[in-house]
Amino acid sequence: IEKTLPQIKLLMNRLSVGGEFSITFLGGEPLMYPKVIQAIGLYTQELAAAKSLHSGFQIITNGTLINEEVVEVISAITPTITLSLDGPAEINDLQRPQRNGKSSTEKAVQG
């Protein structure tokens, strides 16, 4: 966050009034850190409002960490969520095994 927030401010300051600013959280599993996503999102929304910019957020996730707490934390920024699967369950579970040996596809569907 310490490095990210100043970069967001720098980029947003280059936009004209009414411009758009979008952040996509991806890579690894972004929902491991929902409070970081929330903090970055709220900061971005605050800057956007001060400059009359439109802000948007996307999260690309494997879905295995989605639960009520995660939804509550990130709902303040109303992100678009994309669920990333590697095909049907038998393929996805081979590509994305869980440590406990259970189906990652089933966990994603629950989320």
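Reading the values: rules and limits
- Residues numbered from 1 in each chain as written.
- Predicted model: local features only at pLDDT ≥ 70, side-chain atom pairs only at ≥ 80, totals over all residues.
- Heavy atoms only, no water.
- Helix = DSSP H or I, 4+ residues; strand = E, 2+ residues; numbered from the N terminus.
- Buried < 20%, exposed > 50% of the residue type's maximum accessible area, 1.4 Å probe, protein only.
- Contact = heavy atoms within 4.5 Å.
- Areas by Shrake-Rupley, 256 points an atom, 1.4 Å probe, with all protein chains shown as cover.
- Salt bridge = Lys/Arg side-chain N within 4 Å of Asp/Glu carboxyl O.
- 1 Å grid on protein atoms, 1.4 Å probe; cavity = no way out; pocket = protein on both sides within 12 Å on 5 of 7 lines; lining within 4 Å.
- Points joined across faces, edges and corners; volume = space filled by probe spheres on them.
- Nonpolar A, V, L, I, M, F, W, Y, C, P; charged D, E, K, R; others polar.
- Arc of directions from axis to C-beta.
- Pairing = 2+ DSSP bridges.
- Axes fitted to C-alpha atoms, helices over the stretch in contact; angles between N-to-C directions.

J.: I tried to follow the overall build of the protein chain on my own but got confused; where do I start?
T.: Check the secondary structure of the protein chain and you find five helices and three strands. The order of helices and strands in the protein chain, counted from the N terminus, is α-β-α-β-α-β-α-α. If one aligns the C-alpha atoms of the protein chain with their principal axes, the spans along those axes are about 50 × 25 × 20 Å. Expressed as a percentage of the 111 residues in the protein chain, the buried residues total 30%. A sequence separation of at least 24 residues applies to 62% of the contacts in the protein chain between residues at least 6 apart. As displayed, the protein chain has an accessible area near 7200 Å², and 54% of this comes from carbon and sulfur atoms.

J.: Where do I start with the pattern of salt bridges in this structure?
T.: Pairing between side chains becomes possible if they bear opposite charge and their charged atoms approach one another. Within this structure, the stated rule accounts for one salt bridge. The residue Arg96 makes a salt bridge to Asp86 at a minimum N-O spacing of 2.8 Å. Placement of the pair is Arg96 in the loop between helix H4 (89-95) and helix H5 (104-110) and Asp86 in the loop between strand E3 (80-83) and H4, with a sequence separation of 10 residues. Taking relative accessible area as the criterion, Arg96 reaches 25% and is therefore assigned partly exposed.

J.: Just checking my understanding: could you explain the layout of surface pockets for this structure?
T.: Over the atoms rolls a probe the size of a water molecule, and in doing so it shows where empty space is left. Roughly 190 Å³ of internal volume is contained in the largest pocket. Split into classes, the residues belonging to the lining of the largest pocket amount to three nonpolar, five polar and three charged.

J.: Even after reading the chapter, I still don't get unusual backbone geometry, so can you show me in this structure?
T.: With glycine set apart, most residues show a phi of negative sign, and most peptide bonds adopt trans. Even without glycine at this site, Ser52 takes up a positive phi of about 55°. Residue position: Ser52 is located in the loop between helix H2 (34-50) and strand E2 (54-61). Residue classification places Ser52 among the partly exposed residues on the basis of a relative accessible area of 44%. One non-glycine residue, Thr78, adopts positive backbone phi at about 40°. Relative to the helices and strands, Thr78 resides in the loop between helix H3 (68-74) and E3. Look at Thr78 and you get exposed, because its relative accessible area is 62%.

J.: What exactly am I supposed to notice about helix H1 (residues 4-13) here?
T.: Side chains of residues three or four places apart in an α-helix project in the same direction, reflecting 3.6 residues per turn. The complete set of buried residues in H1 reads Leu5, Ile8 and Met12. Down the axis of H1, the buried set is contained in an arc of 60°. They therefore lie on one face. In the core, the buried residues of H1 are packed alongside strand E1 (20-25) and H2.

J.: Would you mind showing me how to read the sheet that holds E3 here?
T.: Backbone-to-backbone hydrogen bonds join strands into a sheet, with any given pair of strands oriented parallel or antiparallel. Across the sheet, which stays open at both edges, the three strands sit in the order E1-E2-E3 with parallel pairing between neighbours. Across the chains shown, the open sheet's two edge strands, defined by having one partner strand only, are E1 and E3. Strand-to-strand, the axes of this sheet are offset by a mean angle of 20°, without reference to chain direction. Of the strand pairs in this sheet, E1 and E2 are connected by six bridges, and their pairing is parallel. Looking across to E2, one finds that Thr24 is bridged to Gln58. Seen against the sheet, H2 touches E1 and E2 and runs at an angle of roughly 165° to E2.

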